[in-house]
Structure formats: C-alpha cells, structure tokens
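# Secondary and tertiary structure notes
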Amino acid sequence: MDKKKKSEINDVDAYVSELLKDANDLEYDQRQKLAALIGRDFREDPKLKDVIKKLRTHPVDPNNLIVLEENDNQGIGGEDDVIFNVLPKSERNLEGYYHHDQMALTMAAASKSNISVIIDEVRSASRLLKRVSVKELVRSNSAAFSDDDLINEALSSSNETCKLIISFCTKYRRHNVVDKLIPILRDREGAIFIAPLFHGCSSEVVKQQLLLNLKELFCAHFNIHWRQLARYHSDVIISFLESELINQQDKHIENRSNVWDDFQLFLSNQLIAEEILERGHGAKKIMSLCEKFPCYTL
C-alpha cells in the first residue's frame, strides 16, 4: 500500500482489498502495527468505520454451515464409544477470516472512536477473539467506557467473560472495578468463584474478603493465586496472621500452634515464601510475631 493510499480512503472496497493484499505478506506484528497506524491516522475519517465493517464482513457458504467433531468416550463395559457432535459454524464465518477481524479490532482500539466494534465482539458468541476484545475494552479510555460500564458489562456477561474482564482489570490496574465486582460476585457465585480473582482488589477489599470468607476460601485454596496474593498483598497476609494469633492469645498454646502450622504449610511453597519474606521487610515482621506469640512447634 503506497503512501498516497495510506493518506486517504476514497473507495472503501478498493482500499480494503489493497490492504488485505499487503497484509497477507506481513508477519503478525507488522500486520497489527499497520492496522494500529491506520486506526490512528483515520480516527477522524467517517470512512474508517466502513473499512472496519468491511473487514468484519465475510462470505458464508450456505451449503457448508456445519462441522463434525469426533470425540472418543469411554463407554459402558470399558468399550470406547465414538460420539459425533454436530456444531453450527459461526454466522460470520470467523474461522476463515480471523486475521481480518483482528485487524479490525486493532483499528477500532487505536482510533478510540469505534468502541462499539469492541463491545460488539465482547458480546459476540464467538470465543476466537474474546480475549483480544475484552483486553481492548478494558484498555479503552475510561471516558469512552467507564468503570460503571465495565462493572455492568461483567455482571451481564457469561462467567467466562466476567473472569476475563476482572483479569484484565487487574493487569491494567482498574482496581476500582475489581473492588466493586468481587463482593457482588461473592454473594452471587460464591467464594470458590472469586478465589482466583480477588488478588486484583485493593488491600482493604482483600482483607475484607479474607475475614468474611476464610473458611470457604481455605476450601478453595487450590484455586487461589497465592503467589500473586503474596506479591501484591504481603502486608495483608502478615496482618491477617497477626489477627489470628491475637484471637488465640488467651487460649491453649495448641490453638496458637495450629495457626503457625497452617502458616508454615503456606510458606512451604518456595515462590510464595520468597514473595512474603522479601517484600516490605516481611521476614522481620514474621520474626517479631514469633517472639510475641511463641509456640512449641515453631
């Protein structure tokens, strides 16, 4: 695509045809950079919306709307059964034009003026571009899609999409969204659902959830991202340990011993131990607790 064609969009069909011809010869990174450049350069051009729409519109063969998937299943009596699932292809035929849609999403995100395209893909039944579209939605300007908009989107989405929204909000530090979502989802879906997600909250909310849901979260401890929890909230964990020891202060020493036993088991994971002990003078704080609340097993 020469410089003149980059500088203006006259005929949308011709422009997209030339763009795809050039894109086919590019590596993934180069293709995405080109799409982002076009999105930024033409963000004020009303024809950019037509280019994006054209990239997301694909021919569908009406005679080829199903695919067969063969799964081996262990049948009754130990014999293998073969099960055929008849699955409809996506209405947009996304499978055959994946990189077209990916370029369209990149253009929409770079333009910052076509967020409706990203929202449409997030709400689509297709899973092929779900992660990409959710990531771009979370990264979008908060003026275009506010925290409240993201919260409503997460609560009205499937559990899978909701988890993706929370994960990317954690990654891109939209903590206000996660702080508001986690208590709601705890009440709606249960502690096991929030277990792998709540490390993205502020320290205050993490402490609140530990206090409110300790027993259920302990049952779901295999689902908790303990290393991330230790990395971002080591002070909360140590503070929580101290509060548990204080609760057992006037009871039999064996009760205090059980608290320390649980904590030692927690630290038996080397990666978690490194996060706890090396951040915020964690080792000194724990040694101080050992002196203050001694027990015979430590």
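Report on the accompanying structure.

### Examining unusual backbone geometry
Outside of glycine, negative phi angles account for most residues, and trans bonds account for most peptide bonds. The backbone phi angle of K112 is positive, close to 60°, even though this residue is not glycine. The residue K112 is located in the loop between α5 (98-111) and α6 (115-122) in this model. Of note in this structure, R173 is not a glycine but carries a positive phi near 60°. Looking at the secondary structure, you find R173 in the loop between α9 (159-171) and α10 (175-189).

### Structural notes on the side chain of H58
Topologically, H58 is positioned in the loop between α4 (47-55) and β1 (66-74). At a separation of 2.4 Å, a polar atom in the side chain of H58 contacts the side chain of D101.

### Structural notes on the environment of R186
Structurally, R186 can be placed in helix α10. Relative accessible area serves as the criterion here: at 17%, R186 is assigned to the buried category. Once the C-alpha coordinates of R186 and Q209 are considered, the two residues, 23 residues apart in sequence, prove to be 8.8 Å apart.

### Focus on the side chain of D101
By the element assignment, D101 lies in helix α5. Judged by its relative accessible area of 1%, D101 falls in the buried class.

### A look at the pattern of salt bridges
Going through the model one piece at a time under the given rule, you end up with nine salt bridges. Between D120 and R56 there is a salt bridge, with the nearest N and O atoms lying 3.1 Å from each other. With D120 in helix α6 and R56 in the loop between α4 and β1, this residue pair connects regions lying 64 residues apart in the sequence. Judged by relative accessible area, which is 41%, D120 ranks as partly exposed. Residue K180 is joined to D148 by a salt bridge in which the shortest nitrogen-to-oxygen separation is 3.9 Å. With K180 in helix α10 and D148 in helix α8 (residues 147-156), this residue pair connects regions lying 32 residues apart in the sequence. Overall, the relative accessible area of 40% leaves K180 in the partly exposed class. Connected through shared salt-bridge partners, R56, D120 and E121 make up one network.

What counts as what
Residues numbered from 1 in each chain as written. Predicted model: local features only at pLDDT ≥ 70, side-chain atom pairs only at ≥ 80, totals over all residues. Heavy atoms only, no water. Helix = DSSP H or I, 4+ residues; strand = E, 2+ residues; numbered from the N terminus. Polar contact = N/O pair within 3.5 Å; in protein donor to acceptor, adjacent residues only side chain to side chain. Buried < 20%, exposed > 50% of the residue type's maximum accessible area, 1.4 Å probe, protein only. Salt bridge = Lys/Arg side-chain N within 4 Å of Asp/Glu carboxyl O.

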